[in-house]
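# An overview of the molecular structure
One letter stands for each residue in the lines below.
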Amino acid sequence: MREFLKLLAILLVFFAGSAITLSYTYTKTKPIIEERKQKKKLEAISEVLPPFDNDPVKEGIVIWDEKHGNVEFYIGKKGKVFTGVAFLGETTGYGGKVTMILGVTPDGKLHGIKIIDHNETIGLGSKITEPSFLRQFNGRGIDSAKWDVKKTGGDFDEISSATISSRAVIKGVREGLELFEKNKGRILTN
Amino acid sequence: MAFFEEFSRELIKGIGKENPTIRLVIGMCPPLAISTSVLNGIGMGLAVIFVLLGSNIIISLLRRYIPSKIRLPIFIGIISTFVTITDLCIEAYFPILHKSLGIFIPLIVVNCIILARAESFASKNPVVLSIADGIGMGIGFSLALILISAVRESLGQGTFAGYSILGEKFDPALVMVMAPGAFFVVGAIIAIFNYMEMKKRWKS
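A brief structural summary. (Residues numbered from 1 in each chain as written. Chains lettered and ligands numbered in written order. Predicted model: local features only at pLDDT ≥ 70, side-chain atom pairs only at ≥ 80, totals over all residues. Heavy atoms only, no water.)

For chain B, the count of helices and strands is eight helices and two strands. Its helices and strands taken in sequence order, chain B reads α-α-α-α-α-α-α-β-β-α from the N to the C terminus. For 204 residues, the compact-globule estimate of 2.2 N^0.38 gives 17 Å, and the C-alpha radius of gyration of chain B, at 18 Å, lies within 12% of that figure. The buried share of chain B, taken over its 204 residues, is 45%. Put simply, 74% of the contacts in chain B that link residues at least 6 apart link residues at least 24 apart. If you sum the accessible surface of chain B, you get close to 10,100 Å²; carbon and sulfur atoms cover 72% of it. Charged side chains of chain B number 17 positive and 12 negative; the gap between the two group centres comes to 8 Å. (Helix = DSSP H or I, 4+ residues; strand = E, 2+ residues; numbered from the N terminus. Rg over C-alpha atoms; globule rule 2.2 N^0.38 Å. Buried < 20%, exposed > 50% of the residue type's maximum accessible area, 1.4 Å probe, protein only. Contact = heavy atoms within 4.5 Å. Areas by Shrake-Rupley, 256 points an atom, 1.4 Å probe, with all protein chains shown as cover. Lys, Arg positive; Asp, Glu negative; His and termini not counted. Charge placed at Lys NZ, Arg CZ, Asp CG, Glu CD.)

For the rest of this paragraph, the subject is the interface of chain A and chain B. On the chain B side, the residues contacting the 23 residues of chain A number 25 residues. With both sides pooled, the region where chain A packs onto chain B buries about 2,000 Å², and carbon together with sulfur makes up 77% of that total. Counting the contacts that link chain A with chain B gives one salt bridge. Close ionic contact of B:Lys69 with A:Glu3 constitutes a salt bridge, the shortest N to O distance being 2.8 Å. (Buried area = accessible area lost by both parts, 1.4 Å probe. Salt bridge = Lys/Arg side-chain N within 4 Å of Asp/Glu carboxyl O.)

Moving on to the pairing of strand β4 (residues 97-104) of chain A. Residue and element names in this part refer to chain A. For β4, the tally of buried residues reaches seven of eight residues, placing the bulk of the element in the interior. Two strands pair when backbone bridges link them, and strand β3 (residues 81-92) and β4 are joined in this way by eight bridges, in the antiparallel orientation. Within β4, the position partnered with Thr92 by the bridge is Lys97. Remark: four residues form the turn of the hairpin made by β3 and β4, two consecutive strands paired antiparallel; Gly96 in that turn has positive phi of roughly 120°. Sheet topology note: the β4/strand β5 (residues 110-117) ladder contains six bridges and is antiparallel. Bridged to Ile101 within β5 is Lys114. (Pairing = 2+ DSSP bridges.)

Here the focus is the packing of aromatic side chains. All names here are of chain A. Applying the stated criterion to the full structure yields five aromatic pairs over all chains. A ring pair is formed by Phe73 and Phe87, whose centres lie 5.0 Å apart and whose planes are at 55°; its orientation type is tilted. Of this pair, Phe73 sits in strand β2 (residues 69-78) while Phe87 is found in strand β3, placing the two residues 14 residues apart along the sequence. Phe87 shares its class with Phe73; the two are buried. For the ring pair Trp147 and Phe156, a centre distance of 5.1 Å and an interplane angle of 35° mean the geometry is tilted. There is no split in this pair, since Trp147 and Phe156 are both buried. Connected via pairs of aromatic rings, a cluster forms that spans Phe133, Phe137, Trp147 and Phe156. (Phe/Tyr/Trp six-rings, centres within 6.5 Å; stacked < 30°, edge-to-face > 60°.)

Don't take any of this as a statement about function, it's just geometry.
Printed below as a string of structure tokens:
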């Protein structure tokens, strides 16, 4: 019993030391990490939205959706006029989760899309991040396209040897546009 | 003088005859998983050198206060502390590297090179030698990793550290940057080094 307590005390001392070291490192690095995340978010938003002169994050709203959970909508305005809304979309590709940011204009058409994070195969599926693939979605609305790859009767070019990744993006865009249509009322009146 | 010799012997063994990746073939997870580009290899190598050096120093300094019954939890605790520090610092200062290494930074905790050095070297030897051991093993690991990723990146993407080296006409063999390519390259490199070793033995 005494030995047990002694070993316990030694372990406690070691892990207390490691906890102190870690909390110090955490407090030093946290602000830097957070600041860059915010900056990156704003950059991504400005890439997919039409020109705006407000702060889309500050004027954004969070809407709960039964399929997507809580979604943050970042609202872009120019001279008080609503120009577009940006939000994150998620889809499942070949290598797991693909995260994208979509920019939609008030008439429900896609203005811009950017892939933020993915684990697709390098050199094949990873081409979903290239503008030459993503450009084809711009200006599309939910009813103005057949949402599939050309090979199976859809409207969209696929990346060769990466049909699963291409389809995943197509599905992600479609679901994003649907989400916008469903919550259009609440977003536009904000 | 004798001390200096000992120091350099411990330093060099990790790079050469006890190279963890090529000779001992331990800690093979990063060489297989993240060796898709040279920059990944360098980043991972530096992270491992830092963790190995830190854990070797601390464990060697405190070796008299670590009861052998609970040495493993303490080793793992010290190692994971250094890994978390590395993870946070890379995320704060090298976000691009953090993104491409991803889960493999936290996984350094279970890299058996580090625990093996703690158990078989740092916990039995003085600090200065443990530093030499940590640096040597770390450099050996990094060099092997950089070699593997250089072969994979140049054959698989036609680039070296992001710069095109094989020209426009070169058609990259994508399989080299995918999982099977890792096994091809690691296997071939180990075979070449074994062959060289055997040739040396035949001569002598």
